[in-house]
Each structure stands twice: as C-alpha cells, then as structure tokens.
Amino acid sequence: MLTLKSTLRYLVPATLLLATAVASAKPYCGELDNALGPFDYRDAPPDALYLVEMAHYTDEVAAGVKGNTGAIGGDLDYTLRVFPNHVKALTTMAAVAMRTKVTQLFNARYPVECYFERAVRFQPDDGMAWGAYGKYLYSMGQAERAMPMLKKAYDMAPDNPSVNYNLGIAYFRAKQYDLAVKHAKVAYQHDFPLDGLRNMLVGARKWDGKVEPLPGKEDKAETGNDAAAKVAPKTGDDAAAKAASETAAQ
C-alpha cells in the first residue's frame, strides 16, 4: 500500500526529470547554427553576401513583391539564417507579414517575431537590429515591449536618423512631446527623408520645425521657415492623420 511518503519518493524524481527536460529544450525560435554562417551582416564576407542576396534577396524580394527561388517567406528565411541581423531583410519580412495579415510567412521556418529575436540574440550589440525589433513590436501594438528596445537602439546608435525617427514617433504618441521633438531634431539633422514626425509635431503646435544644422552642413540645412512652410498648421489630429502612413522604415 502506497503511503504519502512513498508516493513523494516517486513524484520528486519525476518532477526533476521534467525540469531538466524543459531546461535543455531548444529555444522556441531555433538555434543559430546554420550550414552557411551565420555571419554578422555589419561585417559580412563579400562573397557570401553576394551569393545569398543574388539568389534570395533580389530587388523583387526586397520590395516584398515575390520570391526568387520559391515563396518569398523561404527566400527571406534563407537570408536571415545566414545573416540573422540583416536589417533590410527583417524589415521586408515585417512589411510583407503586415500587408498579408499573417504572423508567419509561408515557407518561413519561424514566426516573424522570431527572426527579430534571433537577430538580437546573435548580435546583442547591434543597435539597428534592436531598433528594427522595437519598430516591429510597436507596429503590432505592443508599445510597452517596444519602448525599451527603441531606447536601447538609441543608446547604441544615438545619431542614426531612423532610430531617432522611430523613437520620436513613439514618444509623440505617448504624449511625451519634449522627447519627441528632441529625437525629431536629430533625425532631420541627419537628413531623414520622411516628414511625418515633423508634420505631427508642428501640426500639434509642439515644435516650429526648426533644425539647427550640423557643423559643416550649414549650406545644405533647411531653415526653420522653409520647414514650417511645408507643414499645414492645422490641428494635431489632422497632422497626425496625414502622417499615419509615414511611420519609419529603414
């Protein structure tokens, strides 16, 4: 007859075995080992980058139009297994997934978010990868998870225009306007091409659109009056609506 004591003798080892199995299980987003690479995209071997992009990240794949060797998900998956922090390919995958309203592309091994997780796991010092991950989460409505990543990206790449633009958009929507203006100025000092953030801030009357030029760029700088003239000084809601489609892209 089993007593409580004898029952526990069998249950405890079983529990330990289960805990060991869970601890040794592969990550949900897969191991980084790959037949080719993986390589850091920032310092990619030219031959490997050429061979992969020639076959799997062609202009049509990059534009999200169609795959080159099969379904576009397969080509992006191949590219991102060889170069996990290939930020352009990450951006393409996110854009295609949002357009087609899926969380995992056909022929891709993992859900979209996994490719971002793999990128920062592979190269945790890559600010652009963190910025891309934060931007993706933000676009998916996960602002609380996105903000620490966007801030981490800024800490690693404080002068990058895309990083500052994305963080500025997030701060604007959080109604932290002073911080939004701060990052907008950096983005436009470094020639970020989209006017969405500027329009939102000027339209909401939180900024006059003026940007101090960086040293050596005075002759190319846009004056505050020129910048403000581009923006219709309507209500903040009007400006934000006009700019909604201009959230940052790499």
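Preceding this section is the structure that the text describes.
Residues numbered from 1 in each chain as written. Predicted model: local features only at pLDDT ≥ 70, side-chain atom pairs only at ≥ 80, totals over all residues. Heavy atoms only, no water.

## Observations regarding the packing of helix 8 (residues 143–156) against helix 9 (residues 161–173)
To be explicit about the condition: Note on method: axes are straight lines fitted to C-alpha atoms, helices fitted across the in-contact stretch only, with angles between N-to-C directions ranging 0 to 180 degrees. By definition, any uninterrupted DSSP run of H or I lasting at least four residues is a helix, any uninterrupted run of E lasting at least two residues is a strand, and each is numbered from the N terminus. Crossing handedness follows the turn of the near helix against the far one: under a right angle anticlockwise gives a left-handed crossing, and clockwise gives a right-handed one. Here a residue-residue contact requires only that any non-hydrogen atoms of the pair lie within 4.5 Å. Classification used: nonpolar for Ala, Val, Leu, Ile, Met, Phe, Trp, Tyr, Cys and Pro, charged for Asp, Glu, Lys and Arg, polar for all others including Gly.
Look at helix 8 against helix 9: their axes get within 9 Å of each other, and the N-to-C directions meet at 145°. Remark: the crossing between helix 8 and helix 9 carries left-handed chirality. Two secondary-structure elements touch here, helix 8 through Met147, Leu150, Lys151, Ala153 and Tyr154 and helix 9 through Val163, Asn164, Asn166, Leu167, Ala170 and Tyr171. Residues of the contact of helix 8 with helix 9, tallied by class, amount to eight nonpolar, two polar and one charged.

## Observations regarding the state of the cysteines
Here is the rule: Two cysteine sulfur atoms form a disulfide, by the criterion used here, when they sit within 2.5 Å. Only protein chains enter the calculation, and the probe is 1.4 Å; a residue is then buried if its accessible area is under 20% of its type maximum, exposed if over 50%, and partly exposed in between.
What the rule picks out here adds up to one disulfide. Between Cys29 and Cys114 runs a disulfide, and the two sulfur atoms are separated by 2.1 Å. Between Cys29 and Cys114, the S-S torsion sits near -75°, and that sign places the bridge as left-handed. Of this pair, Cys29 sits in the loop between helix 1 (4–24) and helix 2 (46–56) while Cys114 is found in helix 6 (residues 112–122), placing the two residues 85 residues apart along the sequence. The burial state of Cys29 is the same as that of Cys114; both residues are buried.

## Examining the environment of Pro161
Relative to the helices and strands, Pro161 resides in helix 9. Those residues in contact with Pro161, other than ones at most four positions away along the chain, are Ala187, His190 and Phe192.

## As for the nonpolar core
Generally speaking, soluble globular proteins have nonpolar side chains that are buried together. Formally: Put simply, a nonpolar core is a bunch of buried Ala, Val, Leu, Ile, Met, Phe, Trp, Tyr and Cys residues held in one set by side-chain atoms that sit within 4.5 Å of each other.
Within the largest apolar cluster, 55 residues are counted, with the highest numbers of intra-cluster contacts made by Leu76, Met93, Phe116, Tyr188, Leu197, Leu201 and Trp207. When residues of this core are traced back to their parent elements, those giving at least two are helix 4 (72–82), helix 5 (87–100), helix 6, helix 7 (127–139), helix 8, helix 9, helix 10 (177–189) and helix 11 (196–203). The contact partners of Phe116, leaving out residues within four places of it in the chain, are Leu90, Ala94, Ala132, Tyr133 and Tyr136. Counting residues in hydrophobic clusters, the runner-up holds five residues, among them Ala48, Val52, Val82 and Phe83.

## Focus: helix 10
In plain terms, the rule: The length a helix should cover is 1.5 Å for every residue beyond the first.
Over its 13 residues, helix 10 runs 18 Å from end to end, which matches the ideal 18 Å to within 8%, given 1.5 Å per residue. Taken together, the buried positions of helix 10 are Ala180, Val181, His183, Ala184, Val186, Ala187, Tyr188 and Gln189. Buried residues in helix 10 make contact with helix 8, helix 9 and helix 11. Just downstream of helix 10, Asp191 is the residue with a positive phi angle, here 65°.

## Topic: the pattern of salt bridges
So the rule is basically this: Salt bridges are identified by distance alone: a Lys or Arg side-chain nitrogen within 4 Å of an Asp or Glu carboxyl oxygen.
Applying the stated criterion across every chain yields a total of nine salt bridges. Asp208 is the salt-bridge partner of Lys210, the closest N and O atoms lying 3.9 Å from each other. Among the residues examined, Asp208 registers a relative accessible area of 38% and is labelled partly exposed. Look at the salt bridges and you will find they share partners, linking Asp40, Arg42, Asp125 and Asp126 into a network.

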